[in-house]
Amino acid sequence: MEESMEDEEMLTYEAMMDDQNHNNWEAAADNFRQPPPPSSSIQDPGREPPGGQLLTVPAGSVDRKGPKEGLPMGPPPLLEPNGVIMMLKSCDGAAVTKAAPAPTPSSTININTSTSKFLMNVITIEDYKSTYWPKLDGAIDQLLTQSPGDYIPISYEQIYSCVYKCVCQQHSEQMYSDLIKKITSHLERVSKELQASPPDLYIERFNIALGQYMGALQSIVPLFIYMNKFYIETKLNRDLKDDLIKLFTEHVADKHIYSLMPLLLEAQSTPFQVTPSTMANIVKGLYTLRPEWVQMAPTLFSKFIPNILPPAVESELSEYAAQDQKLQRELIQNGFTRGDQSRKRAGDELAYNSPSACASSRGYR
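Thresholds applied
- Residues numbered from 1 in each chain as written.
- Predicted model: local features only at pLDDT ≥ 70, side-chain atom pairs only at ≥ 80, totals over all residues.
- Heavy atoms only, no water.
- Disulfide = S-S within 2.5 Å.
- Buried < 20%, exposed > 50% of the residue type's maximum accessible area, 1.4 Å probe, protein only.
- Patch = residues over 30% accessible without salt bridge, like charges linked within 9 Å, V, L, I, M, F, W, Y side chains within 5 Å.
- Areas by Shrake-Rupley, 256 points an atom, 1.4 Å probe, with all protein chains shown as cover.
- Salt bridge = Lys/Arg side-chain N within 4 Å of Asp/Glu carboxyl O.
- Helix = DSSP H or I, 4+ residues; strand = E, 2+ residues; numbered from the N terminus.
- Axes fitted to C-alpha atoms, helices over the stretch in contact; angles between N-to-C directions.
- Parallel < 35°, antiparallel > 145°, perpendicular 65-115°, else oblique.
- Left-handed = near helix turned anticlockwise from the far one by under 90°.
- Contact = heavy atoms within 4.5 Å.
- Nonpolar A, V, L, I, M, F, W, Y, C, P; charged D, E, K, R; others polar.
- Core = buried A, V, L, I, M, F, W, Y, C linked by side-chain atoms within 4.5 Å.
- Phe/Tyr/Trp six-rings, centres within 6.5 Å; stacked < 30°, edge-to-face > 60°.
- pLDDT = per-residue confidence, 0-100.

### Some remarks on the state of the cysteines
- Under the counting rule described, the total for this entry stands at zero disulfides.
- A disulfide-free cysteine, Cys162 has its sulfur positioned 6.4 Å from the sulfur of Cys166, the nearest such atom.
- Among the residues examined, Cys162 registers a relative accessible area of 4% and is labelled buried.
- Here Cys168 stays free of any disulfide, with the sulfur of Cys166 as its closest cysteine sulfur at 9.3 Å.
- With a relative accessible area of 30%, Cys168 lands in the partly exposed category.

Structure below.
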């Protein structure tokens, strides 16, 4: 009687243990099937790839009475926090279950870290001063000192990339300040060189300085377009090109306009003392820098810029005719001939020099 009760209790206990072991094993197997987290995706070089190891079960650990034959008995393997189980082979061929070590705090990803830190390295102010600005400084130097038509061996893509990264890393204010200081220093040197120029070379050198600077702006402004769009226009409510033109006006043109204008008026009274292209470039450039300078020499500016003088009136036609005749005489005195006049029709000279002809030509100009 006592033996039968003990046998019955033993069977009941073994059945309960069998069900519990089966459930625990299936839970462990489900965890093993889950894909590992990104931090554990790299396999150990010394570990065999999954699927290449066979799980053998010792004969002593198999329950012959349970409905699940071939399943290991005993408690399931303990899972580490990352839920990854490794199957390793022991020396005698038996399977040994071992949980992968949990990741160290240094290898975990901080979800609060800014996304930009994963896209690019963080640029500190020291990095900007030691690495990025020197590249920009050298490129600006070459652009400011190049002659028209020269080839500059710089990488525009690299310079634009430097500007882009500095703007993204909140260095726009510092970069804008450095750019203004750099160009201001260059313009101060240009102004001193012009002051030391002799009068016969003054107009030509001013024309070279003006053309060189305006040509450099055509490359500098596009390189800093990202800073212009996201800092100068949005926070300062200005435009980079306007700021750089203003620098030339303040540091060069304002200091030389009262020395330059008398020389321009003198050159105008003496035909071809200065080439027409040089005169046109300077007059148009001065008008771009400061339009109110027209009042200093309206007649000079009117020769190159339309609608400077008021419209012609009939009472001044004789004066216009006298100016045209004076110009023709000056041209003849300087060696310019009127060409072959043999095919000219009779009366054309009189018709050309008449007040009506002068008025029509003045209106055309």
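Still more ground to cover, so stick around.
### Some words on a nonpolar patch on the surface
- On the surface, Tyr160, Tyr164 and Ile225 cluster together to form a nonpolar patch covering roughly 270 Å² of accessible area.
- Residue position: Tyr160 is located in helix α4 (residues 156-168).

### Notes on unusual backbone geometry
- For Gln170, which is not a glycine, the phi torsion comes out positive at approximately 65°.
- One can find Gln170 in the loop between α4 and α5 (172-195).
- With relative accessibility at 66%, the residue Gln170 sits in the exposed group.
- The phi angle at Asn237 is positive, at roughly 55°, despite the residue not being glycine.
- Judged by its relative accessible area of 64%, Asn237 is exposed.

### Quick notes on the packing of helix α3 (residues 125-145) against α4
- Where α3 meets α4, the axes come as close as 10 Å, and the angle between the chain directions of the two elements is 135°. The angle between the axes of α3 and α4 places the two elements in the oblique class. In this structure, α3 meets α4 at a crossing whose hand is left-handed. For the pair α3 and α4, contact is made by Tyr128, Tyr132, Lys135, Leu136, Ala139 and Leu143 and by Tyr156, Gln158, Ile159, Cys162, Val163, Lys165 and Cys166, respectively.
- For the contact of α3 with α4, a count of residues per class yields ten nonpolar, one polar and two charged.

### Digging into the nonpolar core
- Ranked by size, the top nonpolar core spans 64 residues in total, and within it Phe224, Met227, Leu244 and Leu286 carry the most contacts.
- Listed by contribution, the elements that provide at least two residues to this core are α3, α4, α5, α6 (199-223), α7 (225-236), α8 (240-269), α9 (276-289) and α10 (298-302).
- By residue number, the principal contributor to this core is α8, which donates twelve residues.
- Leave out the neighbours within four places in its chain, and Leu286 touches Phe206, Ile257, Leu260, Met261, Leu264, Trp293 and Phe301.

### Points about the packing of aromatic side chains
- Evaluation of the coordinates by the stated rule reveals six aromatic pairs.
- Their ring planes at 35° and their centres at 6.5 Å tell us that Tyr128 and Trp133 sit as a pair that is tilted. Both residues of the pair, Tyr128 and Trp133, belong to the buried class.
- Seen from their ring centres, Tyr226 and Phe230 are 4.6 Å apart, and the 45° between their planes marks the pair as tilted. Linking Tyr226 with Phe230, this pair stays in helix α7, spanning four residues, or about one helical turn.
- With a relative accessible area of 40%, Phe230 lands in the partly exposed category.
- Members of the aromatic cluster, each reached through a chain of ring pairs, are Tyr164, Tyr226 and Phe230.

### Description of the pattern of salt bridges
- Under the defined criterion, the tally for this structure stands at six salt bridges.
- Residue Asp243 is joined to Arg238 by a salt bridge in which the shortest nitrogen-to-oxygen separation is 3.0 Å.
- Overall, Arg238 belongs to the partly exposed group, its relative accessible area being 37%.
- Arg290 is the partner of Asp254 in a salt bridge, and the nearest nitrogen-oxygen pair spans 3.0 Å. Of this pair, Asp254 sits in helix α8 while Arg290 sits in the loop between α9 and α10, placing them 36 residues apart in sequence.
- In this structure, a network of salt bridges that share partners links the residues Asp137, Asp141 and Lys182.

### A few points about the confidence of the model for the protein
- On average, residues of the protein score 74 in pLDDT, and 59% of them are at 70 or above.
- Element-level pLDDT for the protein is lowest in strand β1 (residues 85-89), with a mean of 42, against a maximum mean of 96 in α5.
- Every residue in residues 39-46 scores below 50 in pLDDT, and together they form three contacts with partners more than four places removed in sequence or on other chains.

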